[in-house]
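Below, each chain spelled out in residue letters.
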Amino acid sequence: MTATVPAPAARRVLGAISRKSVVPWLFLAPGLLLALVFKFWPMAKGVWLSFHDVRPFLGDRWTGLDNYTRVLSDHRFQDAIGHTLVLGIGQSLGAILLGFVLALLLEGQARSLKFIRTAVFLPAVTATAVVGELWRLMYYPTSDGLLNSGLHLLGLGPVQYLDDPNLALYSTMVMGIWIWAPYNMVIILAGLAGVDRTLYEAAAMDGVSLWQRLRHVTLPAIRPALSIVLTLAAIRGLRVFTEVYVLTGGGPAGSTEVWMTRAYTLGFTRNDIGGASAASVVLLCVTLLLTVTVNHFRKRGDVR
């Protein structure tokens with residue numbers, strides 16, 4: 001003979017379960033609604049516009065893949081992709097390397113280190129537009145500029161950091177490294193906090209060098225943190241915009257034009273909304289593919 005739950009008790013249990021499942025969604029509803037209105041709907045609209053010739057007041061005309069073909073065959077867009085790769089790879093690797101060095105230097109529990117870490121982290125939380133204006137002053141092309149003043153003391157310069165097509169992209173890269181290295185430092189510091197200290201003690205007793213400790217103890221232990229930093233840096237490198245827009249606007253002579261600034265120019269300068277939407281959709285697809293690829297190799301590394 002099987003025991004049965006009385007009907008009122010069953011209803012109370014089902015009611016409690018339903019409330020537990022509904023209450024979290026009620027708290028999430030405002031954020032989901034805002035994301036739907038201001039993020040996912042514009043994304044869907046952008047995908048829709050990428051297949052149309054957008055003509056305000058005349059009606060949009062379906063063009064299929066013409067916008068994608070036209071954008072991808074544009075030599076200026078191809079140059080922008082090359083600049084994006086150079087800037088993204090250099091900025092990402094430089095910021096990761098500098099962030100790792102800063103994390104090693106500022107690891108510890110001393111109160112003074114906490115203050116220094118806070119000061120070092122300030123560039124990552126300062127508005128990029130403000131940082132860009134500060135670096136514009138530092139890059140001032142005459143001998144009165146901050147960096148050129150230092151070069152003048154050495155009998156060098158002045159250097160046209162932002163006006164020279166051969167230097168403008170790398171000058172922008174330096175600013176990007178300065179901004180994002182502290183952000184990477186915080187993530188790597190979190191990884192260093194989880195390293196087993198007995199491993200360092202055993203390595204010291206074995207008389208291994210500092211480089212060997214970094215290679216065989218530190219780096220394997222912080223691999224999860226490094227994978228997160230690498231994923232974020234890859235996405236950030238492809239979507240770089242504000243640094244370039246504030247410093248150079250894509251100039252001089254298009255030498256610093258990147259993927260996002262080209263899309264911005266198409267949409268808001270040339271009023272080519274369909275082309276700008278197509279460029280943005282391609283960027284979204286490449287970003288998703290890159291993220292999946294990085295995560296795939298990260299999981300393979302974790303299994304090993």
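Parameters and conventions
Residues numbered from 1 in each chain as written. Predicted model: local features only at pLDDT ≥ 70, side-chain atom pairs only at ≥ 80, totals over all residues. Heavy atoms only, no water. Helix = DSSP H or I, 4+ residues; strand = E, 2+ residues; numbered from the N terminus. Polar contact = N/O pair within 3.5 Å; in protein donor to acceptor, adjacent residues only side chain to side chain. Contact = heavy atoms within 4.5 Å. Salt bridge = Lys/Arg side-chain N within 4 Å of Asp/Glu carboxyl O. Buried < 20%, exposed > 50% of the residue type's maximum accessible area, 1.4 Å probe, protein only. Expected span 1.5 Å × (residues − 1). Arc of directions from axis to C-beta. 1 Å grid on protein atoms, 1.4 Å probe; cavity = no way out; pocket = protein on both sides within 12 Å on 5 of 7 lines; lining within 4 Å. Points joined across faces, edges and corners; volume = space filled by probe spheres on them. Nonpolar A, V, L, I, M, F, W, Y, C, P; charged D, E, K, R; others polar. Core = buried A, V, L, I, M, F, W, Y, C linked by side-chain atoms within 4.5 Å.

Caption draft 1: Spotlight on the side chain of Asn148. Mapping Asn148 onto the fold places it in helix H6 (residues 146-153). A polar atom in the side chain of Asn148 sits 3.3 Å from the backbone oxygen of Pro141. Those residues in contact with Asn148 that lie beyond four places of it in its chain are Tyr140, Pro141, Thr142, Ser143, Pro158, Val159 and Tyr161.

Caption draft 2: Broad picture of the side chain of Asp272. Note that Asp272 resides in the loop between helix H12 (259-268) and helix H13 (273-303). Dropping the residues within four chain positions of it, Asp272 is found in contact with Arg70, Leu266 and Gly267.

Caption draft 3: Layout of the pattern of salt bridges. For the structure on display, the rule yields five salt bridges. We note a salt bridge from Arg70 to Asp272, for which the minimum N-O separation is 2.5 Å. One end of the pair, Arg70, is in helix H2 (residues 66-72); the other, Asp272, is in the loop between H12 and H13, and 202 residues separate them in sequence. For Asp272, a relative accessible area of 15% puts it in the buried group. One salt-bridge network, held together by shared partners, links Asp74, Arg76, Glu257 and Arg262.

Caption draft 4: Region of interest: unusual backbone geometry. Of note, the amide linkage connecting Gly251 to Pro252 takes the cis form, showing an omega dihedral of -5°. Counting through the fold element by element, Pro252 comes out in the loop between helix H11 (242-247) and H12. Phi angles above zero are rare outside glycine, and Ala253 is one such case at about 55°. The residue Ala253 is located in the loop between H11 and H12 in this model. The phi torsion at Asn271 lies on the positive side, around 55°, for a residue other than glycine.

Caption draft 5: Broad picture of helix H9 (residues 210-221). Here H9 is twelve residues long and its end C-alpha atoms lie 15 Å apart, about the 16 Å a rise of 1.5 Å per residue gives. Turning to H9, its buried residues are Leu214, Val217 and Thr218. End-on view of H9: buried residues confined to an arc of 125°, all on one side of the axis. Exposed side of H9, more than 90 degrees from the buried face: Trp211 and His216 are the residues found there.

Caption draft 6: Expanded view of empty space enclosed by the protein. Scanning the model with the defined rule gives one cavity of 30 Å³ or more in all. As a volume, the largest cavity reaches approximately 30 Å³. Gly88, Gln91, Ser92, Ala95, Trp180, Ala233, Arg236 and Gly237 are the residues that line the largest cavity. If you list the elements that add at least two residues to the lining of the largest cavity, you get helix H3 (75-105) and helix H10 (223-238). The leading source of residues in the lining of the largest cavity is H3, at four residues. Of the residues belonging to the lining of the largest cavity, the class tally is three nonpolar, four polar and one charged.

Caption draft 7: Layout of the layout of surface pockets. Looking at the largest pocket, its volume works out to about 820 Å³. Taken together, 26 residues line the largest pocket, and the ones lying closest to its centre are Met43, Met260, Ser280, Leu283 and Leu284. Among the elements that make up the lining of the largest pocket, the one with the highest residue count is H13 (ten residues). Counted by class, the lining of the largest pocket contains 18 nonpolar, six polar and two charged residues. Every residue lining the second largest pocket is counted, 14 residues in all, and those nearest its centre are Gly88, Ile89, Ser92, Ala234 and Leu290. Elements supplying a minimum of two residues to the lining of the second largest pocket: H3, H10 and H13. A per-element tally of the lining of the second largest pocket places H3 first, with six residues.

Caption draft 8: Region of interest: the nonpolar core. Formed by 19 residues in total, the largest nonpolar core has its most connected members in Ala103, Met185, Ile188, Leu192 and Ile222. When residues of this core are traced back to their parent elements, those giving at least two are H3, helix H7 (168-193), H9 and H10. Ranked by size, the runner-up nonpolar core spans 13 residues in total, among them Val71, Phe77, Leu266 and Ala278.

Caption draft 9: Structural view of the environment of Gly267. Relative to the assigned elements, Gly267 resides in helix H12. When its relative accessible area of 6% is taken as the criterion, Gly267 is described as buried. Taking C-alpha positions, Gly267 is 7.8 Å from Ser277, a pair spaced ten residues apart along the chain. For Gly267, the residues in contact, after removing those within four places along its chain, are Asp272, Ile273 and Ala276.

Such coordinate-based values are descriptive only and should not be taken to indicate function.
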